[in-house]
Structure formats: structure tokens, C-alpha cells
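# Structural characterization, general
Take a look at the letters that make up each chain.
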Amino acid sequence: MSKWDLLLFGVYPYVALAICLLGSWARFDLSQYTWKAGSSQMLNKRGMRVASNLFHVGVLFVLAGHFVGLLTPSAIYHHVLSTENKQLLAMVSGGFFGVLGLIGLMMLLNRRLTDPRVRATSNASDILVLVVLLVQLVLGLMTIVASTAHMDGSVMVMLADWAQNTVLLRPVEAATAIAPVGLVYKLHVVLGLTLFVLFPFTRLVHIVSAPVWYLGRRYQIVRQKF
């Protein structure tokens, strides 16, 4: 294990999570009106529904798969799946939904860059988030290709050990577990952690938003002005 492994995979996860939590709390406390998705659908609805649905369905499934796949102990899933079959399931399902998300994201990015009205209302962080997500999805699909070289699930086990040791606050063990994996996996993990850093400062905050206060608000009286 190198010092870079310890820094990026032992220390950086906690730094990224701290920035995510503290930054989100500060933004919500100090600037609640900026806590929004900033949808541009009203500016141009053409292709928006298809692109948004493809992206969100794909990404949400991939995120759920990562969460369950990385954090489920082998003693639990071995009652249903072997390590090899779990990797195959992850490759097929992750590849399918990853491609869906990638297609939707490319459509959204193209719309934001080429539509004059949408482009005029976009800021740098809007485009940055889409580009980072695009790179992350491409890296994720590249890990599937790399995984075909070791269908025994050994790398998947190392990544799961890293994630579980990180959650259990064992940074040295986490860094040691992920040290042998290939570069494409490490880039995918580091960029994924960087998304946590970007989270409080971009429109990504809408992921954890729910209009629960809307249900309890008072009725609004709207009058037409003649």
C-alpha cells in the first residue's frame, strides 16, 4: 500500500463526506432558496422527458446496485449467490442501466449546451456536474469491460472490503483492501467521492429533497389582477 492509496482511499472518503454534510447543512441554513434542482423544462420541453427519465432511471438503479453490492457482507449474499454469479449479475444489470443513464445524460448535456435558452440560464456548476457525471458513467462502464478479465469476482470482493472497512471507520484496512485493484477502478472510486465534495455546491442537493413541508402549508389565495 502506497501513501497515495492511504490518502485517496483511507483519508479522502471522510474528508469528502465531511464536506458534503457540513456544506449541505450550511447551504440549507444560510441559503435555502438556492436549494433546488433548477429545472429548465419550462424553457424547452422537447426531448426533456425522455432524456430525464433515461438518466434518472439508469443512475438510480446503478446507485442502488452500488450500495447493496458493496455494503452487503458475503456471508449474507452467499445464501443466494456465489461471488462469481454476483459479479456477473452486477456486470449485466449495471451495464444495461449504466448505458441507459449514459444515453439520457448525453441528451441532457447536448440540450444544455446547444439550446440557446437553456444555455443562457445555465451556470458553470450546471455544466460541470453533467460533465463529471458523464466521465463517471464512462469509467463505470469501463470497469465492466475490465471485469471480464477476472470473472472470479476477486476485484469485486476487494472493492467491497474497501467500502465496508470505510463504513466501519477502519481507513488503513480500507486502503490496504483496495490497493491491488486496477487504475480504472481507482479512478471511478475517487471521482465518485469527488461527487460528494461537489454535492453541497451544485444542483445535486435536490437528490435528498422532498416537498414534505408543502403538504402542511396554508392555502394560498390567488387573485387575478384586472
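- As annotated in an unreviewed UniProt entry, the protein chain carries the name Respiratory nitrate reductase subunit gamma and is attributed to Pseudomonas beijingensis.
- Regarding the protein chain, the UniProt comment filed under Subcellular location (unreviewed entry) reads as follows: "Cell membrane".

## Focus: the overall build of the protein chain
- Summing up its helical and strand segments, the protein chain has 10 helices and 0 strands in all.
- From first element to last, N terminus to C terminus, the protein chain shows the α and β order α-α-α-α-α-α-α-α-α-α.
- Burial statistics for the protein chain: of 226 residues in total, 39% are counted as buried.
- Taking as baseline every contact in the protein chain between residues at least 6 positions apart, the subset at least 24 positions apart corresponds to 81%.
- Surface exposure of the protein chain reaches about 14400 Å², of which carbon and sulfur atoms provide 71%.

## What about the pattern of salt bridges?
- Taken as a whole, this structure holds 2 salt bridges when the rule is applied.
- The shortest N-O distance in the salt bridge between Lys 186 and Asp 5 comes to 3.0 Å. Note that Lys 186 is positioned in helix α9 (residues 183-198) and Asp 5 in helix α1 (residues 3-30), a separation of 181 residues in sequence. Take Lys 186 and Asp 5: they sit in the same class, and that class is buried.
- For the salt bridge of Asp 126 with Arg 203, the shortest nitrogen-to-oxygen distance reads 3.0 Å. Within this pair, whereas Asp 126 is found in helix α6 (residues 124-147), its partner Arg 203 is found in the loop between α9 and α10 (212-216), the two being separated by 77 residues in sequence. This pair shows no difference in class: Asp 126 is buried, exactly as Arg 203 is.

## Side note on a nonpolar patch on the surface
- A surface patch of nonpolar side chains, about 840 Å² in accessible area, is lined by Met 1, Trp 4, Leu 6, Leu 7, Val 11, Val 15, Ile 19, Val 172 and Phe 201.
- If you tally residues by element for the nonpolar patch, the top one is α1, at 6 residues.
- Within the secondary structure, Leu 7 is located in helix α1.

## Concerning the nonpolar core
- Counting 39 residues, the largest nonpolar core has Leu 159, Trp 162, Ile 178 and Val 189 as its most contacted members.
- Elements with a minimum of two residues in this core: α1, α2 (48-71), α4 (83-114), α6, α7 (154-167), α8 (171-178) and α9.
- Look past the residues within four positions of Val 189 in its chain and what remains in contact with it is Phe 9, Leu 159, Trp 162 and Ile 178.

## Here's the deal with the confidence of the model for the protein chain
- Here the protein chain averages 88 in pLDDT, while 87% of its residues score no lower than 70.
- The least confident element of the protein chain is α10, whose mean pLDDT is 57; the most confident is α9, at 97.

## Focus on the UniProt feature "transmembrane region" (unreviewed entry) in the protein chain
- Following the UniProt record, the feature "transmembrane region" (unreviewed entry) maps to residues 6-26, 47-68, 88-108, 128-149 and 189-215 here.
- Secondary structure across residues 88-108 comprises 100% helix and 0% strand; the distance between its end C-alpha atoms is 30 Å.
- Helix makes up 91% of residues 128-149 and strand 0%, and the two end C-alpha atoms of the span are 33 Å apart.

## Observations regarding the packing of α2 against α7
- In contact at an axis separation of 8 Å, α2 and α7 are set at 85° when each is read in the N-to-C sense. With respect to α7, the axis of α2 lies roughly perpendicular. For the pair formed by α2 and α7, the contact residues are Gly 69, Leu 70 and Leu 71 on the first element and Leu 159, Ala 160, Ala 163, Gln 164 and Val 167 on the second.
- When its residues are assigned to classes, the contact of α2 with α7 shows 6 nonpolar, 2 polar and no charged.

## What to know about unusual backbone geometry
- Here the phi dihedral of Leu 169 falls at roughly 60°; this positive angle occurs in a residue that is not glycine.
- Note that Leu 169 resides in the loop between α7 and α8.
- In this structure Leu 169 comes out as exposed when scored by relative accessible area, which is 61%.

Quick notes on the rules
Numbering of residues begins from 1 in every chain and follows the order in which that chain's sequence is written. In view of the model being predicted, local features appear only for residues whose pLDDT reaches at least 70, and side-chain atom pairs are presented and counted only at 80 or more, with totals across whole chains, interfaces and linings using the full set of residues. For side-chain calculations, the full set of non-hydrogen atoms in the structure is used, while hydrogens and water are omitted. UniProt positions are given in the numbering used here, feature names are shortened, and annotations may be inferred rather than shown by experiment. Here a helix means four or more residues in a row that DSSP labels H or I, a strand means two or more in a row labelled E, and each is numbered from the N terminus. Buried, partly exposed and exposed residues are distinguished by accessible area as a fraction of the type maximum, computed with a 1.4 Å probe on protein chains only: under 20%, between the cut-offs, and over 50%, respectively. Any pair of residues with heavy atoms lying within 4.5 Å of one another is described as a contacting pair. Accessible surface is estimated by sampling points in the Shrake-Rupley manner with a 1.4 Å probe; for residues, cover comes only from the protein chains shown. Salt bridges are defined by distance alone: a side-chain nitrogen of Lys or Arg within 4 Å of a carboxyl oxygen of Asp or Glu. Each patch groups residues whose relative accessible area exceeds 30% and which form no salt bridge, using 9 Å between like charges and 5 Å between nonpolar side chains of Val, Leu, Ile, Met, Phe, Trp and Tyr. We call a set of buried Ala, Val, Leu, Ile, Met, Phe, Trp, Tyr and Cys residues a nonpolar core when their side-chain atoms join them within 4.5 Å. Within a predicted model, pLDDT stands for the predictor's per-residue confidence, ranging from 0 to 100. To get an axis, a line is fitted to the C-alpha atoms, and for a helix only the part in contact is used. The angle between two axes follows their N-to-C directions and goes from 0 to 180 degrees. When an angle is under 35 degrees it counts as roughly parallel; over 145 it counts as roughly antiparallel; between 65 and 115 it counts as roughly perpendicular; any other value is oblique. Polar here means any residue other than Ala, Val, Leu, Ile, Met, Phe, Trp, Tyr, Cys and Pro, which are nonpolar, and Asp, Glu, Lys and Arg, which are charged; Gly is therefore polar.

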